[in-house]
Amino acid sequence: PLASGFASTLATSAPFSQWAAATLDEDQYGGIKGRDLHKALAKLGPAFHHDNGVLVTMDYAKCFDMTSPVLVTQLARCAGMPARMVGMIGNVWLRQRRWLQLEGEMRVTSDEVCSSLPQGDGLSPWGLNIVLSATSMHVRNTLDDDDVEPVVDRVGTQREHGQD
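What you are looking at is a predicted structure, and each value in this text was computed from that prediction instead of being measured. (Residues numbered from 1 in each chain as written. Predicted model: local features only at pLDDT ≥ 70, side-chain atom pairs only at ≥ 80, totals over all residues. Heavy atoms only, no water.)

## Comments concerning the overall build of the protein
Logical step 1: Broken down by element type, the protein carries 7 helices and 7 strands.
Logical step 2: Of the contacts made within the protein by residues no fewer than 6 positions apart, 65% connect residues no fewer than 24 positions apart.
Logical step 3: Element-wise, carbon and sulfur atoms account for 57% of the exposed surface of the protein, whose accessible area totals about 9900 Å². (Helix = DSSP H or I, 4+ residues; strand = E, 2+ residues; numbered from the N terminus. Contact = heavy atoms within 4.5 Å. Areas by Shrake-Rupley, 256 points an atom, 1.4 Å probe, with all protein chains shown as cover.)

Here you go:
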C-alpha cells in the first residue's frame, strides 16, 4: 500500500510527467498523465474506420510478470530519467515482498521478488511503455507515416497498403 501510494504520487508529479512526455513516443498511452484510453481511441478511430485500417492488438498475457524491473530502470537511466527518480523506483521494484499462496494455503513469511513489475503499481504501465518505446519509435521512423499509425501502448492500426 505504501509503495503503491509512492508510485501514484511519482507518476503524477510534474518532473516525472515532463520527462515521460519528452521521452516516450507521442503515440504511447498508459501510465502517462494526460494520455488516457479515450484519447488513444479517438486517434485510432479515424484510421480504422475511414482509412480501411487494420486493427492490430498485442497479447500482453503475463507482461508484468515477464518484464524485468532491472531492465526498465536501466532503460530509464539511458533515456535520461533523473538518477534520483531511477533510484526511488529501483528501491521499490527491486525489493518487492510477496506472500505466496497455493490452494488456499499461504506461506507464513514473504519472499523477495525482483524479477517482475509489481501489478497494481502506478508506474508499472509506464515501465511497459519504456520497454516498448524504442520499438514504437523505430516503427514511426522506418515505415511511411502515411501508412502506419504507430503502436499505441497495446493497440495499433495500419492502413491497407497502397490506399491513399
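Moving on from the model shown.
## Notes on unusual backbone geometry
Note on backbone geometry: most residues besides glycine have negative phi, and most peptide bonds are trans.
Logical step 1: Its identity is not glycine, yet Glu103 carries a phi of approximately 50°, on the positive side.
Logical step 2: Relative to the assigned elements, Glu103 resides in the loop between β3 (101-102) and β4 (105-106).

## Quick word on the confidence of the model for the protein
Logical step 1: Put simply, the protein has an average pLDDT of 75, and 76% of its residues get 70 or more.
Logical step 2: Mean pLDDT values over the elements of the protein span from 45, in strand β7 (residues 155-159), up to 92, in helix α5 (residues 69-78). (pLDDT = per-residue confidence, 0-100.)

## What to know about the packing of α5 against helix α7 (residues 124-142)
The axes of two packed helices give the description: the angle between them and the distance between them.
Logical step 1: At a closest axis distance of 9 Å, the pairing of α5 and α7 adopts a crossing angle of 65°. The crossing of α5 and α7 is left-handed. Where α5 approaches α7, its residues Leu71, Val72, Leu75 and Ala76 are matched on the opposing element by Trp126, Gly127, Ile130 and Val131.
Logical step 2: Taken together, the residues that form the contact of α5 with α7 break down as 7 nonpolar, 1 polar and no charged. (Axes fitted to C-alpha atoms, helices over the stretch in contact; angles between N-to-C directions. Left-handed = near helix turned anticlockwise from the far one by under 90°. Nonpolar A, V, L, I, M, F, W, Y, C, P; charged D, E, K, R; others polar.)

## Re the pattern of salt bridges
Logical step 1: Inspection of every chain in the model, using the stated rule, returns 2 salt bridges.
Logical step 2: Among the ionic pairs, Glu112 bridges to Arg97, the shortest N-O distance being 3.7 Å. With Glu112 in strand β5 (residues 111-113) and Arg97 in strand β2 (residues 96-98), this pair connects stretches of sequence that are 15 residues apart.
Logical step 3: Taking the relative accessible area as the measure of exposure, Arg97 reaches 44% and is therefore partly exposed.
Logical step 4: Put simply, Arg107 and Asp111 hold a salt bridge, and the shortest N to O gap is 3.6 Å.
Logical step 5: Here Arg107 falls in the partly exposed class, since its relative accessible area comes to 42%. (Salt bridge = Lys/Arg side-chain N within 4 Å of Asp/Glu carboxyl O. Buried < 20%, exposed > 50% of the residue type's maximum accessible area, 1.4 Å probe, protein only.)

## A word on α7
Logical step 1: Under the 1.5 Å per step criterion, the end-to-end length of α7 is 28 Å for 19 residues, consistent within 8% with the ideal 27 Å.
Logical step 2: Along α7, the sharpest kink reaches roughly 45°, centred on Leu132.
Logical step 3: Within the span of α7, buried status applies to Ser124, Trp126, Gly127, Leu128, Asn129, Ile130, Ser133, Ser136 and Val139. (Expected span 1.5 Å × (residues − 1). Bend = angle between axes of the 7 residues up to and from the residue.)

## Some remarks on the side chain of Ser110
Logical step 1: Structurally, the position occupied by Ser110 is in the loop between β4 and β5.
Logical step 2: Leave out the neighbours within four places in its chain, and Ser110 touches Arg97, Arg98 and Trp99.

## Brief notes about the packing of helix α2 (residues 14-23) against α7
Logical step 1: Between α2 and α7, whose axes approach to 11 Å, the crossing angle comes to 25°. Looking at the two axes, α2 sits roughly parallel to α7. For the pair α2 and α7, contact is made by Phe16, Trp19 and Thr23 and by Trp126, Ile130 and Met137, respectively.
Logical step 2: When the residues that make up the contact of α2 with α7 are grouped by side-chain class, the tally is 5 nonpolar, 1 polar and no charged. (Parallel < 35°, antiparallel > 145°, perpendicular 65-115°, else oblique.)

## So, the nonpolar core
Logical step 1: By size, the foremost hydrophobic cluster in this structure holds 22 residues, and its most contacted members are Phe16, Trp19, Met81, Ile89, Trp93, Leu123 and Trp126.
Logical step 2: Looking at this core, the elements with two or more residues in it are α1 (2-11), α2, α4 (63-66), α5, α6 (83-93) and α7.
Logical step 3: No other element matches α6, which puts 4 residues into this core. (Core = buried A, V, L, I, M, F, W, Y, C linked by side-chain atoms within 4.5 Å.)

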